[in-house]
Amino acid sequence: MKTLIICASYHHKNTMNIGKKMAEVLDATIIEPKDFHEDMLNRYGLIGFGSGIYNGKHHKSILALANQMKEQQHKHAFVFSTSTIPAKTMHKAMNDILTEKGFKIIGQFSCKGFMNYSFSKYIFGGLNKGRPNKRDYIDAMNFAKKIKAYQSDNGEK
Ligand SMILES: Cc1cc2nc3c(=O)[nH]c(=O)nc-3n(C[C@H](O)[C@H](O)[C@H](O)COP(=O)(O)O)c2cc1C
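First, a word on what this report is: a plain description of the structure on this page. (Residues numbered from 1 in each chain as written. Predicted model: local features only at pLDDT ≥ 70, side-chain atom pairs only at ≥ 80, totals over all residues. Heavy atoms only, no water.)

**Considering the site of the ligand**
Residues in contact with the ligand amount to 21 residues; listed here are only the nearest, Ser9, Thr15, Ile53, Tyr54 and Thr82. A distance of 2.5 Å separates an oxygen atom of the ligand from a polar atom in the side chain of Ser9. Against a free-state accessible area of 650 Å², the protein chains account for coverage of 89% of the ligand. Judged by its atoms lying within 2 Å of the grid points, the ligand is housed in the largest pocket. At the level of elements, α1 (14–26), β3 (46–54) and β5 (76–83) are the ones that each hand at least two residues to the shell around the ligand. Looking at the shell around the ligand element by element, the count peaks at 3 residues for β3. Per-class residue counts for the shell around the ligand are 8 nonpolar, 12 polar and 1 charged. (Near = heavy atom within 4 Å. Polar contact = N/O pair within 3.5 Å; in protein donor to acceptor, adjacent residues only side chain to side chain. Areas by Shrake-Rupley, 256 points an atom, 1.4 Å probe, with all protein chains shown as cover. 1 Å grid on protein atoms, 1.4 Å probe; cavity = no way out; pocket = protein on both sides within 12 Å on 5 of 7 lines; lining within 4 Å. Sits in = over half its atoms within 2 Å of the grid points. Helix = DSSP H or I, 4+ residues; strand = E, 2+ residues; numbered from the N terminus. Nonpolar A, V, L, I, M, F, W, Y, C, P; charged D, E, K, R; others polar.)

Structure representation (structure tokens):
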């Protein structure tokens, strides 16, 4: 079964860099929201949704994309993000939309991402310098391995 990762990563490509590591493990196609077409859903059994966190939620472009999707029949999804203060509670808006659309969320990943927007650039030149780092990439790949194992345990290839 093929995997598609949709990633909105506009501040420093932090989330895209994490998504690319996951894509290596999952042998996934990774795209930006602007390149998504609804008919792609027929070709992929597992969809990853990721972005930086903006004001406590995923980026509006990926929330809007999920909102516009047709209802799904238990298609598997995973959700990931980078942010200044990583917390899966900030996945709630995305998770709620995906659940309402009929996706089954099989995993979530979050880690720190560099941020130098607005006032934060005056604090030591930004927050979370160097993140995501090597350890974050390893964690992202380990997460992807678990997702892959879950898929194969559930009869998917
Ligand atoms: C306008 C703006 C709003 C942000 N809001 C939050 C926030 O609410 N919580 C948080 O932890 N990080 C916040 N951040 C930090 C980003 O989530 C973080 O830098 C992330 O790694 C950016 O990912 P990207 O490079 O993939 O876009 C914000 C950053 C920007 C630029």
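**Looking at the nonpolar core**
The biggest cluster of nonpolar side chains holds 21 residues, and the ones touching the most others in it are Ile6, Phe36 and Phe49. At 4 residues, helix α2 (residues 60–68) tops the list of elements feeding residues into this core. By size, the runner-up hydrophobic cluster in this structure holds 20 residues, among which are Met22, Phe78, Tyr137 and Ala140. (Core = buried A, V, L, I, M, F, W, Y, C linked by side-chain atoms within 4.5 Å. Buried < 20%, exposed > 50% of the residue type's maximum accessible area, 1.4 Å probe, protein only.)

**Brief notes about the pairing of strand β6 (residues 104–112)**
Across 8 bridges, β5 lies against β6 in parallel orientation. Within β6, the residue paired with Phe78 across the bridge is Gly107. You can see the chain leave β5, run along helix α3 (residues 92–100) and come back into β6, and the turn it takes is right-handed. (Pairing = 2+ DSSP bridges. Right-handed = clockwise from strand over helix to strand, strands pointing away.)

**Here we look at the layout of surface pockets**
Rolled over the atoms, a probe as big as a water molecule pinpoints where empty space is left. As a volume, the largest pocket reaches approximately 400 Å³. In terms of lining residues, the largest pocket is bounded by 21 residues, among which His11, Ile53, Tyr54, Thr84 and Met115 are the most central. Elements with a minimum of two residues in the lining of the largest pocket: α1, β3 and β5. No other element matches β3, which puts 3 residues into the lining of the largest pocket. Counted by class, the lining of the largest pocket contains 9 nonpolar, 11 polar and 1 charged residues. (Points joined across faces, edges and corners; volume = space filled by probe spheres on them.)

**Some remarks on the packing of α1 against helix α4 (residues 134–153)**
Axis separation between α1 and α4 bottoms out at 8 Å; the angle between their running directions is 40 degrees. Here α4 runs oblique to α1, going by the angle between their axes. Regarding α1 and α4, the two cross each other, and that crossing is right-handed. Seen from α1, the contacting residues are Asn17, Ile18, Lys21, Met22, Glu24, Val25 and Leu26; seen from α4, they are Asp136, Tyr137, Ala140, Met141, Phe143, Ala144, Lys145, Ile147 and Lys148. Here the contact of α1 with α4 is composed, by residue class, of 10 nonpolar, 1 polar and 5 charged. (Axes fitted to C-alpha atoms, helices over the stretch in contact; angles between N-to-C directions. Parallel < 35°, antiparallel > 145°, perpendicular 65-115°, else oblique. Left-handed = near helix turned anticlockwise from the far one by under 90°. Contact = heavy atoms within 4.5 Å.)

As far as function goes, none of this settles anything; it's purely spatial.
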